[in-house]
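Descriptive analysis of the structure
As a plain string of letters, each chain reads:
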Amino acid sequence: MAVKIKLKRLGKIRSPHYRIVVADSRTRRDGRAIEEIGKYHPTYNPSVIEVDADRVAYWLGVGAQPTEPVLAILKKTGDWQKFKGEPAPAPLLTQPEKAARPSFEAIGGDDEGKGEAITQKKKAEKKDEAAESASTEA
C-alpha cells in the first residue's frame, strides 16, 4: 500500500483552507485519511502553516511520499531539511500582534456634547404646517 502525505481541501468556494493528512494514495483528495498532521491556510496574510514535526518525521521515516504542494510546505517549515539532514531554512514570518487602539479618553477627548443638530428636518416641518392649517380651518 502506497502512503502519501497530501492536502485535504476544506472551506467555502473562494476561501479554501487545507489539512495536511496522511492517506492511502488511492483515496480521493477529500476522502478518508489515516491521520491529520497539520493545517495550511493560504488566504491569510501571512499564510498560516502548522505542522506536527514529530508525526511528519515518523511518516517520512516509514516511507510516506509527500505530494508536490506538501513538499513545498515541508521545505518552508524545515521538516524536509531535517529529514534529509540538510541545513534548516530561515524562520517563517509570523503575524504581528495588532496594537490596541487608544481609548477616547486617552486621546484627550471630552465628554461634553455639542448640542443639537444644525440642520432641520424638512419632513417634520411640512407635517407641522399641514396640521396647523387644518386646525385653523376647523
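Attention in this report is confined to the structure presented alongside it. In this text the structure is predicted, and so the values were computed from the model without any measurement.

What follows covers helix 1 (residues 53-61). Among the residues making up helix 1, those that are buried are V56, W59 and L60. What you see down the axis of helix 1 is that its buried residues fit within an arc of 100°, all on one side. Exposed positions of helix 1 whose direction lies more than 90 degrees from the buried face are D54 and G61. Two residues or fewer past helix 1, G63 is found with a positive phi of approximately 110°.

An order of 4-3-2-1-5 is seen for the five strands of this open sheet, with the pairing classed as mixed. Across the chains shown, the open sheet's two edge strands, defined by having one partner strand only, are strand 4 (48-51) and strand 5 (65-66). Bridging between strand 3 (residues 35-41) and strand 4 involves four bridges; their strand directions are antiparallel. Along strand 4, the bridge assignment pairs Y40 with I49.

The next subject is the pairing of strand 2 (residues 15-24). Summarising the sheet, strand 1 (residues 3-12) and strand 2 pair through 10 bridges and their orientation is antiparallel. Residue pairing for strand 2: G11 is matched across the bridge by P16. Counting the residues in the hairpin turn of strand 1 and strand 2 gives two residues.

It is worth spelling out the nonpolar core at this point. If you look at the biggest cluster of nonpolar residues, it comprises 16 residues, and the most contacted ones within it are I5, I20, I37 and W59. Among the elements of the structure, strand 1, strand 2, strand 3, helix 1 and helix 2 (68-77) are those that each provide at least two residues to this core. Not counting chain neighbours up to four residues away, the residues in contact with I5 comprise I20, V21, V22, I37, W59, L60, A64, Q65, P66, T67 and V70.

Another aspect to go through is the pattern of salt bridges. Evaluated as defined, the whole model comprises four salt bridges. R29 is the salt-bridge partner of D30, the closest N and O atoms lying 3.0 Å from each other.

As a further point, take the environment of L71. Structurally, L71 is set in helix 2. Taking C-alpha positions, L71 is 8.8 Å from I5, a pair spaced 66 residues apart along the chain. Discounting residues that sit within four places of it in the chain, L71 has contacts with P66 and W80.

Before going further, it helps to spend a moment on unusual backbone geometry. With an omega dihedral of -5°, the bond running from N45 to P46 counts as a cis peptide bond. Summarising the element assignment, P46 is placed in the loop between strand 3 and strand 4.

Ring pairs (aromatic) are described by centroid distance and by the angle formed between their planes. Across all of its chains, the model carries three aromatic pairs by this definition. Ring centres 6.1 Å apart and planes at 25° place the aromatic pair Y18 and Y40 in the stacked group. Here the residue Y18 occupies a position in strand 2, and Y40 occupies one in strand 3, the gap between them amounting to 22 residues. According to the relative accessible area criterion, Y40 is buried, its value standing at 19%. Centre to centre, the rings of Y58 and W59 are 5.2 Å apart; their planes meet at 75°, and the pair counts as edge-to-face. Take Y58: its relative accessible area is 40%, and that puts it in the partly exposed class.

Definitions and cut-offs
Residues numbered from 1 in each chain as written. Predicted model: local features only at pLDDT ≥ 70, side-chain atom pairs only at ≥ 80, totals over all residues. Heavy atoms only, no water. Buried < 20%, exposed > 50% of the residue type's maximum accessible area, 1.4 Å probe, protein only. Helix = DSSP H or I, 4+ residues; strand = E, 2+ residues; numbered from the N terminus. Arc of directions from axis to C-beta. Pairing = 2+ DSSP bridges. Core = buried A, V, L, I, M, F, W, Y, C linked by side-chain atoms within 4.5 Å. Contact = heavy atoms within 4.5 Å. Salt bridge = Lys/Arg side-chain N within 4 Å of Asp/Glu carboxyl O. Phe/Tyr/Trp six-rings, centres within 6.5 Å; stacked < 30°, edge-to-face > 60°.

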